[in-house]
Amino acid sequence: MALKIASRFRRLLQRPGSIDLGPYERLTQLVGEAEESVVSLTDEELTEAATELRTTGGLHEDEQIEFLALARDAGQRALGERAFDGQVVGALAMLQGRVVEMATGEGKTLAGAIAAAGYAIGGRKVHVLAVNDYLAKRDAEWMGPVYELLGVTVSHVGQVSTPEERREAYQAEVCYVPVNEIGFDVLRDRLVTKVDDRVTVDADVALVDEADSVLIDEARVPMVLAGATRSEALDDDVVQLVRTLRAGVDYEIDGDGRTVALTDRGTDKVEKALGARAEELAAEELAAEELAAEAETDEAGTEPETEEATGEATDEAETVDAADESDDAEVEEPAPVKEFNLYADENLDRLTQINVALHAEVLLRRDVDYLVRDGKVSLINNNRGRVAKLQRWPDGLQAAVEAKEAVPVSDSGEVLDSITVQALVKRYKTLCGMTGTAVVVGESLQEFYEVDVAVVPPNTPNIRKDDSDRLYLTVEQKNEALVKHIGVVHESGRPILIGTHSVEESEQLSDKLEAAEIEHVVLNAKNDAEEAAIIAEAGVPGTVTVSTQMAGRGTDIRLGGRDESHDKEKAIELGGLYVIGTGLHASRRLDDQLRGRAGRQGDPGGTLFFASLADELVTRYSVSSGLRPHPDDTGRLTDRKSIAMLEHAQRVADGANAELHRTTWQYNRLTGQQRAILLETREKVLTEDLASTELAERAKERYDELVDAVGEDVVKAAARRIALGHLDRRWTDHLAYLADLREGIHLRSLAGGIVHLKPIDEFNKSAIASFDTLIEDAWKDAAETFGTAEITSDGLDEEASGIPRPTATWTYLVNDNPFGTEADRILGRLRNAIKPESAVEAEEILPEEFDEEDLPEELRDVDGELPEELRETAAEDELSEELGPDDEKSRKKD
């Protein structure tokens, strides 16, 4: 009944997680009744009963009830874990194509395994998409005995899996695989020239673990398959030159901290330096040519010369040269120094190098955006706060960072194909998933994937205590209060988990904790298995764990440690795990994920977040107009305006990320449609005789001649390989064109004059025009190559025929739009241009109570009142002044 009331109340409020759980609750009761007849079965009889349910059309309601009863008992026998009613409800919702929200520790892994097995019994193939290798392997092995009792085959894929191991794993009915790995396998399969080289199977059912992270946070990140071409090493003089430029003088950074640009003065400085360098290089080149010419002259003589002859020749040459120089001096002035124009067409490469070197030097921070270890630059995944092993920056930025850190420059390459997580997931006929925080992104899940959210209440009521955020004026004051608070809590012995935003922040906090003599363990940028091992012990009394964001996500934190044998009762008495956030994230959902680490399965727990007005979230996504804070002696702020600004900044950040996702989806939608058309043709070439048919029509004499000479089978194979090569080549060129087009498409909006052109419309228009003749052009290229190709009885000589494959390929993830998007630029301009139309009377502040110097540097020198988005809270200021911190806490909670 409680389930039904809560679900209908959410529907009344039109919350995203609003599907009615009533039908699932009714079926769960029937599952409990059916379970009585299952417990008496032997293991063999249970497996046989599950096998008898197998069908190819999916399980009907009665069959689902019987299956769930079998699966529930299988979990009890294999793992000693009988699924709670909530887990059964979750499994039912996933079997209906929903994304299920279940709190941390509520048994999502078992619920997902039951749902996956249900799809398999119904004749479907399931890919359980995990966020990393460790979780894919762990969950496949952990749930393996359950699948075995139900007669379902299970496997897993990881980074180190060989092609043969992958091919075998994908044949299993349920395959646990990291989303990146399946994406890369799909890309590689799209470029095979033999059907037997494929490893994947048709996309059927995707069950996504940590669905919000995969489907929302990483949805816009392209997975790329590249072919080796060249090194992108920057010239050392460019790197050294950029290091001499000064902030605010030679370059300016936008308000968002996303882009950096040369000033006029900086441009002049760069042009003078590069112009002088160009002259030096020209002089060195001329000197080298003269030396080479002299060497050739010396070697050219075939007869020995006498000293007299040599001397005469030399004197004569010197006389002529002197005369020439004298004449030139009288006729011509010395050539003026040629002015270097950085923005001239011939200097485009130099301009690009300057831009990427400046971006790398100024905007990308070591231990925040990337790590340097083992002589390589490793990017940090901003969503998880850990190393992204296969991620890199595009457009020379990777090489710029490598040059900045003086490490070997990695090879570059051309993009052979790419796919976003969203496009990958939408290939599946059925999509479902599970996570601890789905309702907040329910609207996005419906918009982008057309799936609903089912919110399953916890089996045991959540008694975790979430304290109101503590806001401070400056970062320094926040950190001082943070360390002091950690020390106070640590003295009591209560286990503490601290979530930071970056590796750099975690190390800085670690130094402060060491100075305060607080023993702790730091978890950042390690491999997944180490993360899990450390995070699992965070519930032991007296333990202080510093973690980067959501490191170790997917691992339960049990009070008393992983086996609950280290003073569990003491941990409960102390109030359970205490989670502390060092700052709010760009999304409230990420804060909720961190909060969810405490209060597992009805355990006690507590959470508290610290923040400051100088945090990046506030300075980047909010405005300070009209703000007159009243900090106490410690720098803490409790006035409603300051708190409202913090909340407003988080809403703006959430909205900006959603808009970026929407924009990326719009740009990739047409590309996906064009890719589908190309792949349809490629599939016919690969599996049918389309290539030989087409080329026989376009070059009949050549075709007949080759058939007579080497046989039809050899010719068909050669025709297929030639056609595939040119289709792939044309697609690669098309992708390169689209990348360049998107980079500057926003400038085309300026070409419309009075009529403002939408960049996406212009992009689509140009992309369609480029693709219209792509396939026909590929056939023309193939026919031309077919006419001259070297085809013998041994087959096609690819190298000699001009269609070689890349010498090497590799896969990686790439940050989309590293220099910022048009949406970012618009947001920045709007924020900087906000001018209130009506004044809101500010409260009087006595001089001794407020000094602008008290504000963080990022918030000084501002006038005016609150922007429109914050004015709604102004009326509450008078009330908030009368309330103390405890009252403010109660008002803040939903």
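The coordinates are above.
Residues numbered from 1 in each chain as written. Predicted model: local features only at pLDDT ≥ 70, side-chain atom pairs only at ≥ 80, totals over all residues. Heavy atoms only, no water.

Draft legend 1. Inspection of the side chain of D204 at higher detail. By secondary structure assignment, the location of D204 is in the loop between α10 (179-189) and β5 (205-209). With relative accessibility at 11%, the residue D204 sits in the buried group. Of note is the side chain of D204, whose polar atom sits 2.7 Å from the side chain of R124. For D204, the residues in contact, after removing those within four places along its chain, are R124, K125, Y428, K429 and T430. (Helix = DSSP H or I, 4+ residues; strand = E, 2+ residues; numbered from the N terminus. Buried < 20%, exposed > 50% of the residue type's maximum accessible area, 1.4 Å probe, protein only. Polar contact = N/O pair within 3.5 Å; in protein donor to acceptor, adjacent residues only side chain to side chain. Contact = heavy atoms within 4.5 Å.)

Draft legend 2. Highlighting the pairing of strand β18 (residues 496-500). Counting buried positions over the 5 residues of β18 gives 5, a clear majority of the element. Across 5 bridges, β18 lies against strand β20 (residues 544-548) in parallel orientation. Along β20, the bridge assignment pairs I496 with V544. Bridging between β18 and strand β21 (residues 577-581) involves 4 bridges; their strand directions are parallel. Paired with I496 across the strands is Y578, a residue of β21. (Pairing = 2+ DSSP bridges.)

Draft legend 3. Broad picture of the sheet that holds strand β4 (residues 174-178). Overall, parallel pairing links the 7 strands, which are arranged β3-β4-β2-β5-β14-β1-β15 in an open sheet. The open sheet is flanked by β3 (154-156) and β15 (453-455), the only strands paired with a single partner. Between one strand and the next, the sheet's axes are offset by a mean angle of 20°, whatever the strand orientation. Bridge analysis of strand β1 (residues 99-101) against strand β14 (residues 430-435) gives 3 bridges, and the strand direction is parallel. Bridging across to β14, V100 finds its partner in M434. (Axes fitted to C-alpha atoms, helices over the stretch in contact; angles between N-to-C directions.)

Draft legend 4. Here's a closer look at the pattern of salt bridges. Applying the stated criterion to the full structure yields 48 salt bridges. The closest approach of N and O atoms between R82 and E35, which form a salt bridge, is 3.0 Å. Linking R82 in the loop between α4 (61-79) and α5 (85-95) with E35 in the loop between α2 (22-34) and α3 (43-52), this pair joins segments that are 47 residues apart in sequence. Between R589 and D217 there is a salt bridge whose closest N-O contact spans 2.7 Å. One end of the pair, R589, is in helix α23 (residues 588-595); the other, D217, is in helix α11 (residues 211-217), with 372 residues separating them in the sequence. Among the charged side chains, a network of salt bridges with common partners joins E35, R72, R82 and D85. (Salt bridge = Lys/Arg side-chain N within 4 Å of Asp/Glu carboxyl O.)

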